[in-house]
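Structural characterization, general
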Amino acid sequence: MESVRKTLLGRRGVLAWCFYDWANSAYVTSIVTALLPVYYLSLFIDKNNVVVDLLGWQWHTSGTALWSYSSGFYMLAAAAAAPVLGAMADSVRGKRWFLGGFVLVGSLFTAGLAFVQPGQYLICSLVYVVSGFSWTAANIFYDGFLPELGDEPAQMEAISSAGFSLGYLGGGLMLAANLVMVSKPEWFGLTTAAAARWCFV
């Protein structure tokens, strides 16, 4: 397996596929898990007593619940779209364009989180839902390239495990760098909130 992995990683396409996982895993570690949930709750005046007024429909909730609804909504939307996107990833010749398009949209909306101001938690939810959906959709097309990179199950397993390993490393390093920024913002001439916004970018 090790010799197969070394041979495969010498291919440019395989290396690119693995380093996509390196970059893409940072979204989970920094945005979904560590930074955005905390920043999201800081947008509320009273995170335990939130009145949402959406198109004339009001309901009482909390900031934590609203964050969960936002995460759940993008996951449900992605799950509903997955069969169609998966079929496209398996059959469409232009899946590189779909991958690039979802990466571009997801990246722009993730960076757009930096412009959300206190009190704009609904805007933050919307931006997060689009970025999360795009991240999930891009991964479907990214996974669709794996059968093209390996000719047999052993090769695909070796490529997949290499990408998985690089993903853990890349996501961990990005999270460590972001945590340094938000815990020591004065090192960068920033406030804590400004440091968090730069981490989104």
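This report concerns the structure included in the present document. (Residues numbered from 1 in each chain as written. Predicted model: local features only at pLDDT ≥ 70, side-chain atom pairs only at ≥ 80, totals over all residues. Heavy atoms only, no water.)

Topic: the overall build of the protein
What the protein contains, in helices and strands, is eight helices and two strands. Put simply, the protein runs from its N terminus to its C terminus through helices and strands in the order α-α-β-β-α-α-α-α-α-α. Seen through its principal axes, the protein has C-alpha atoms that stretch 55 × 45 × 25 Å. A burial count over the protein gives 39% of its 201 residues as buried. Of the contacts formed within the protein by residues at least 6 apart in sequence, a portion of 69% connects residues at least 24 apart. Summing over all exposed atoms, the protein offers an accessible surface of approximately 11300 Å²; the carbon and sulfur share of this is 68%. (Helix = DSSP H or I, 4+ residues; strand = E, 2+ residues; numbered from the N terminus. Buried < 20%, exposed > 50% of the residue type's maximum accessible area, 1.4 Å probe, protein only. Contact = heavy atoms within 4.5 Å. Areas by Shrake-Rupley, 256 points an atom, 1.4 Å probe, with all protein chains shown as cover.)

A word on the side chain of Ser 131
Mapped onto the elements of the fold, Ser 131 is located in helix α5 (residues 121–143). Side chain to side chain, Ser 131 and Tyr 27 meet in a polar contact 2.7 Å long. Setting aside residues no more than four positions away along its own chain, Ser 131 makes contact with Tyr 27, Gly 106, Phe 109 and Thr 110. (Polar contact = N/O pair within 3.5 Å; in protein donor to acceptor, adjacent residues only side chain to side chain.)

A short note on the packing of aromatic side chains
Scanning the entire structure with this criterion turns up 15 aromatic pairs. Summarising the aromatic geometry, the rings of Phe 98 and Phe 141 are spaced 5.3 Å apart at their centres and angled 5 degrees between planes, so their arrangement reads as stacked. Taken together, the positions of Phe 98 in helix α4 (residues 95–112) and Phe 141 in helix α5 put the pair 43 residues apart, joining distant regions of the chain. Residue classification places Phe 98 among the partly exposed residues on the basis of a relative accessible area of 32%. Their ring planes at 80 degrees and their centres at 5.1 Å tell us that Phe 164 and Tyr 168 sit as a pair that is edge-to-face. Taken as a pair, Phe 164 and Tyr 168 lie in helix α7 (residues 153–183) at a separation of four residues, close to a single helical turn. Site record: aromatic cluster; members linked through ring pairs are Tyr 40, Phe 44, Trp 67, Tyr 74, Tyr 121 and Tyr 128. For Lys 95, the ring lying beneath its charged end belongs to Phe 145, and the centroid distance is 5.3 Å. (Phe/Tyr/Trp six-rings, centres within 6.5 Å; stacked < 30°, edge-to-face > 60°. Lys NZ or Arg CZ within 6 Å of the ring centre and 35° of its normal.)

Section: the pairing of strand β1 (residues 50–54)
As judged from the five bridges shared by β1 and strand β2 (residues 57–61), these two strands associate in the antiparallel manner. Residue pairing in the sheet places Val 51 in a bridge with His 60 of β2. (Pairing = 2+ DSSP bridges.)

Concerning the packing of helix α2 (residues 12–42) against helix α8 (residues 192–200)
Taken N-terminus to C-terminus, the directions of α2 and α8 make an angle of 145 degrees; their axes are 11 Å apart at the nearest point. Handedness of the α2/α8 crossing: left-handed. Each of Ile 31, Leu 35, Leu 36 and Tyr 39 in α2 lies in contact with α8, whose residues at this interface are Ala 193, Ala 196, Arg 197, Cys 199 and Phe 200. By residue class, the composition of the contact of α2 with α8 is eight nonpolar, no polar and one charged. (Axes fitted to C-alpha atoms, helices over the stretch in contact; angles between N-to-C directions. Left-handed = near helix turned anticlockwise from the far one by under 90°. Nonpolar A, V, L, I, M, F, W, Y, C, P; charged D, E, K, R; others polar.)

Things to note about the environment of Gly 167
Mapped onto the secondary structure, Gly 167 falls in helix α7. Taking the relative accessible area as the measure of exposure, Gly 167 reaches 3% and is therefore buried. Residues Gly 167 and Leu 99, spaced 68 residues apart in sequence, show a C-alpha to C-alpha distance of 18 Å. Every residue in contact with Gly 167, bar those within four places of it in the chain, is listed here: Asp 21, Trp 22 and Ser 25.

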